Amino acid sequence: MSELKAGSDIKVGDKLLGWAVSEDVRSRGASGGLVTAVLAAALETGFVERVLVLKRVSEFEAYPVFTSDVKEVLESAGSMHSVPVNLARYLKPETCSGKIALPAKPCDTRAVVERAKRNVLSPENTYVIGLNCGGTMHPETVRKMLEAVYRLGPEEIEGEEILKGKLVFFTKDGKEHAVPIDDLEAEGLGRRDSCRYCQVKVPKNADLACGNWGVPGDLAGKGTFVEVMTEKGAELLRNAVHAGFAELISADEKGISAREKVNKVMLGMSEKRKAEVFAPIENGGERFEYFRKELENCIHCGACKAVCPVCTCGEDSKCTAYSSLADSYRMSLFHMVRFLHLSDSCIGCGQCEDVCPAEILLTRLYQRFAVPIQKEYRYIPGMSDRTPPFFALKPEDNEDKEGSGCSCR
Ligand code: SF4
Ligand code: SF4
Ligand code: SF4
């Protein structure tokens, strides 16, 4: 094993393996508890004022809390694949005073970046600990799977993890129950629809990109692979090491290439799935009919807008105005305005379809609108500080686009 890092030697670009010093944190957190240790150290030393975490009610239920209490951070530790809340949505001017840290899936991280562009939060004061993500599950689907496939009741579950392509439930009697995710998805179970074609799996847009991909066999389950993406990320790690909360060593070449390989495989699977999902929407003349039909069960509740983490328009938005101007056009115009408005910014997070009471697979519709535009402008929302193409006021803001770069088309 390579030498422990002193802390002051951690810099941007480092690829490291780390774990919590405290045995208690290691046992509570996933993959050696590094993320929990970094968050706890940040609070304990006053490096940040608050952290935003998911407070656990059970394996299947949690709610976001801002806390300055290290105990609450420790209680939030561990995987929560079945609570796919987007934490970025809770970062607002009224909640974002002072320095804040949060753990974040790639879709949370992307939403943080997009919300910063809309002046909802201060990027300098927001420390994002990114977590690799192969997908999350809707709590209702998890309950169905437990009953139909695993033959287990929710009260028997102690924890869950996605390991080597399998969804594993750990029960209170000390047993493990593993089923390949491919088998679950063949039955319409498993990950959320949007996760199956999500295009970012390693959050390289965060301050730190953490996960268990690339952790060698002898450290499996006991260590986290972390890539230092920004100076803010380096500061977080240095603080955790200096405070005695975390230990880190350099990752070796084998681990680095294993992580890249897993990422590549996951992205390849997403691309394949995206092609399948978009196939029925591809046919020129029938596309409008497809959208109209998919939206015909909409009950006009507005939940999809309320939950969208990149929509920061508030109640007086254009789409809401169109939802009450003319009853006969109500939802079609509401959705059409939203499709256009989000076409440069939809990150495909799936929050809209998670809350839709009419069970419309909305993310497919939003992504079908957004993906060609984002491709044309070579813009992946939430992955850089670039101005969203349709916010651009000058052609040079869109210089990545082929042609004039003008967005008024
Ligand atoms: S949309 Fe992507 S980042 Fe978000 S939970 Fe699903 S797979 Fe993870
Ligand atoms: S439209 Fe839906 S998928 Fe797109 S960013 Fe908003 S909530 Fe996420
Ligand atoms: S959440 Fe569903 S039902 Fe409600 S407005 Fe959106 S599409 Fe319509």
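Residues numbered from 1 in each chain as written. Chains lettered and ligands numbered in written order. Predicted model: local features only at pLDDT ≥ 70, side-chain atom pairs only at ≥ 80, totals over all residues. Heavy atoms only, no water.

- Going by what an unreviewed UniProt entry lists, the protein chain is known as formate dehydrogenase (coenzyme F420) and is assigned to Methanosarcina horonobensis HB-1 = JCM 15518.

1. Describing the layout of surface pockets
Then step 1. Of the voids in this model, the second largest pocket is the one considered here, and its volume is about 510 Å³.
Then step 2. Around the second largest pocket sit 18 residues that line it, and His138, Thr141, Glu353, Glu359 and Leu361 are the ones nearest its centre.
Then step 3. Broken down by secondary-structure element, the contributors of at least two residues to the lining of the second largest pocket are α5 (139-150) and α13 (351-355).
Then step 4. Take the lining of the second largest pocket: its biggest share by element is 3 residues, from α5.
Then step 5. Partitioned by chemical class, the residues of the lining of the second largest pocket number 4 nonpolar, 4 polar and 10 charged. (1 Å grid on protein atoms, 1.4 Å probe; cavity = no way out; pocket = protein on both sides within 12 Å on 5 of 7 lines; lining within 4 Å. Points joined across faces, edges and corners; volume = space filled by probe spheres on them. Helix = DSSP H or I, 4+ residues; strand = E, 2+ residues; numbered from the N terminus. Nonpolar A, V, L, I, M, F, W, Y, C, P; charged D, E, K, R; others polar.)

2. Topic: the pairing of strand β2 (residues 50-58)
Two faces belong to every sheet, and in a regular strand the side chains alternate between them.
Then step 1. Sheet topology note: the β2/strand β4 (residues 100-104) ladder contains 2 bridges and is parallel. Bridging from a neighbouring strand, Val51 pairs with Ala101 of β4.
Then step 2. Two strands pair when backbone bridges link them, and β2 and strand β3 (residues 61-67) are joined in this way by 7 bridges, in the antiparallel orientation. The residue bridging Leu52 from the neighbouring strand is Phe66, located in β3.
Then step 3. The hairpin formed by β2 and β3 contains 2 residues between the paired strands. (Pairing = 2+ DSSP bridges.)

3. Things to note about the domain arrangement of the protein chain
Then step 1. As far as domains go, the protein chain holds domain 1 (14-133 + 198-271), domain 2 (137-190) and domain 3 (280-377).
Then step 2. Taking only C-alpha atoms into account, the centre of domain 1 sits 24 Å from that of domain 2.
Then step 3. In this assembly, 10 residues from domain 1 lie in contact with 14 residues from domain 2.
Then step 4. In total, domain 1 and domain 2 occlude about 960 Å² of area from one another, counting both sides; carbon and sulfur atoms represent 56% of this.
Then step 5. Remark: the boundary between domain 1 and domain 2 carries 0 salt bridges.
Then step 6. The interface formed by domain 1 and domain 2 includes 2 residue pairs in polar contact (both at pLDDT 80 or more).
Then step 7. When grouped by side-chain class, the residues that make up the side of domain 1 that touches domain 2 number 5 nonpolar, 4 polar and 1 charged. (Domains from an automatic or database assignment. Contact = heavy atoms within 4.5 Å. Buried area = accessible area lost by both parts, 1.4 Å probe. Salt bridge = Lys/Arg side-chain N within 4 Å of Asp/Glu carboxyl O. Polar contact = N/O pair within 3.5 Å; in protein donor to acceptor, adjacent residues only side chain to side chain.)

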